[in-house]
Amino acid sequence: MDMPPGEPNRSTDEARGPRLREIPIRLMVPNLITVLAICAGLTGIRLAFEARYELAVAMVLLAAFLDGIDGRIARLLKATSKFGVQMDSLADIINFGVAPALVSYAFLLDGARSLGWIAALLYAIAAGLRLARFNVMEDRGIKAPWQSEFFVGVPAPMGALLMLLPVYLGFLGVERTPLFIYGSVVYTVGIGYLLVSRLPVWSGKSSKIRRDMTFPIMLLVVLYVALLMSYTWEVLSVTVVAYLCVLPFSARAWKRRYGTITIEDERTHV
């Protein structure tokens, strides 16, 4: 049937599907960073199975860094989107869960055979559960006041850094004896438990510093980065041990304020 003059052909438009619209370049920047983070994490896995372990760990750490800044850049550029949130969640699971577990397994845990693989699996699954819980808490309309001060369990990015401690020690010359290998298996499972635990972990989000301390702290950060570049595995090992030592103090601060050692329910103390 002939269409009246000037009447749009709706059936033809519907068959073509939704029209593509132009978007600003700035909206793509955070997603590109997320994709680069995924590429770095997966490349780290490949390098580990090629026995290029130090470069593999460096790629995993690069992936964690890129994964940590993409959200902040998105907020800075006002380029947040639901698509970007889903991409970031996918990258988190790869870079903070799968990649560290497989790199550690290829370098060290493989010496424990099936037990090493089970430990790597448990850690990767724990990281996924931790990220899922974090996403659920972030989606809540009303957040408890304590969420600006404490995490529920060790955050996944720090968990990846912690889990690789035996690998750092291996780079520093610690021999892969049976005791070290099986101790690393137990350590890996322990870090996985810290991820899914309800241990209150100080986040530092609401911390404030005096104005006169700004420059000294900046100098300390520069010093830390310089040492990290020069003595990478030593500095990372010390950082991990220091972080683990802070965890009991976080639990103590929580107990003083709320009377429990663990966070019983995210909806309490609102």
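Considering the overall build of the protein chain
Across its full length, the protein chain carries 10 helices and 2 strands. Here the protein chain holds 270 residues, and 39% of them are scored as buried. Roughly 16,500 Å² of accessible area belongs to the protein chain as shown, and the carbon and sulfur atoms make up 66% of that amount.

A short note on the packing of aromatic side chains
In this structure the tally under the stated criterion is 5 aromatic pairs. An angle of 70 degrees between the planes, with centres 5.1 Å apart, marks the rings of Y105 and W117 as edge-to-face. Taken together, the residues Y105 in helix α4 (residues 82–107) and W117 in helix α5 (residues 114–139) connect sequence positions 12 residues apart. Seen from their ring centres, Y168 and W233 are 6.0 Å apart, and the 20 degrees between their planes marks the pair as stacked. You can see Y168 sitting in helix α7 (residues 165–171) and its partner W233 sitting in helix α10 (residues 232–258), a full 65 residues away along the chain. Clustering of aromatic rings is evident, with ring pairs tying together Y53, F107, Y168, F171 and W233. Across the ring face of F107, the terminal group of R176 is positioned such that the distance to the ring centre comes to 4.4 Å.

A look at the pattern of salt bridges
Enumeration over the complete set of coordinates arrives at 2 salt bridges. Ionic pairing is found between E50 and R46, a salt bridge with its closest N-O pair at 2.8 Å. Note on R46: relative accessible area 56%, which makes it exposed. With its nearest N and O atoms 3.2 Å apart, the salt bridge here joins R52 to E50. Residue class for E50 comes out partly exposed when judged on its relative accessible area of 33%. Linked through salt bridges whose partners overlap, the residues forming this network are R46, E50 and R52.

Things to note about the nonpolar core
The biggest cluster of nonpolar side chains holds 56 residues, and the ones touching the most others in it are V57, V154, L162 and Y168. At the level of secondary structure, the elements contributing two or more residues to this core comprise α2 (29–49), α3 (53–76), α4, α5, α6 (156–163), α7, α8 (178–196) and α10. Among all residues touching V154, those that are not within four sequence positions of it are R130, G159, L162, L194, L195, V201, Y243 and L247.

Quick notes on the environment of F83
Note that F83 resides in helix α4. Since its relative accessible area comes to 54%, F83 is described here as exposed. For F83 and N31, which are 52 residues apart along the polypeptide, the C-alpha to C-alpha distance reads 8.6 Å.

Concerning α2
Across its 21 residues, α2 extends 31 Å between first and last C-alpha, which sits within 8% of the 30 Å expected from 1.5 Å per residue. Within the sequence span of α2, burial applies to P30, N31, I33, T34, A37, I38, A40, G41, G44, I45, L47 and A48. Residues of α2 that are buried sit in contact with α3 and α4.

Quick look at unusual backbone geometry
A negative phi angle is the norm for most residues apart from glycine, just as the trans form is the norm for most peptide bonds. For A51, which is not a glycine, the phi torsion comes out positive at approximately 65 degrees. Structurally, the position occupied by A51 is in the loop between α2 and α3. Although it is not a glycine, R113 sits at a positive phi angle of roughly 55 degrees. Under the relative-accessibility criterion, R113 is labelled exposed at 61%.

The rules behind the values
Residues numbered from 1 in each chain as written. Predicted model: local features only at pLDDT ≥ 70, side-chain atom pairs only at ≥ 80, totals over all residues. Heavy atoms only, no water. Helix = DSSP H or I, 4+ residues; strand = E, 2+ residues; numbered from the N terminus. Buried < 20%, exposed > 50% of the residue type's maximum accessible area, 1.4 Å probe, protein only. Areas by Shrake-Rupley, 256 points an atom, 1.4 Å probe, with all protein chains shown as cover. Phe/Tyr/Trp six-rings, centres within 6.5 Å; stacked < 30°, edge-to-face > 60°. Lys NZ or Arg CZ within 6 Å of the ring centre and 35° of its normal. Salt bridge = Lys/Arg side-chain N within 4 Å of Asp/Glu carboxyl O. Core = buried A, V, L, I, M, F, W, Y, C linked by side-chain atoms within 4.5 Å. Contact = heavy atoms within 4.5 Å. Expected span 1.5 Å × (residues − 1).

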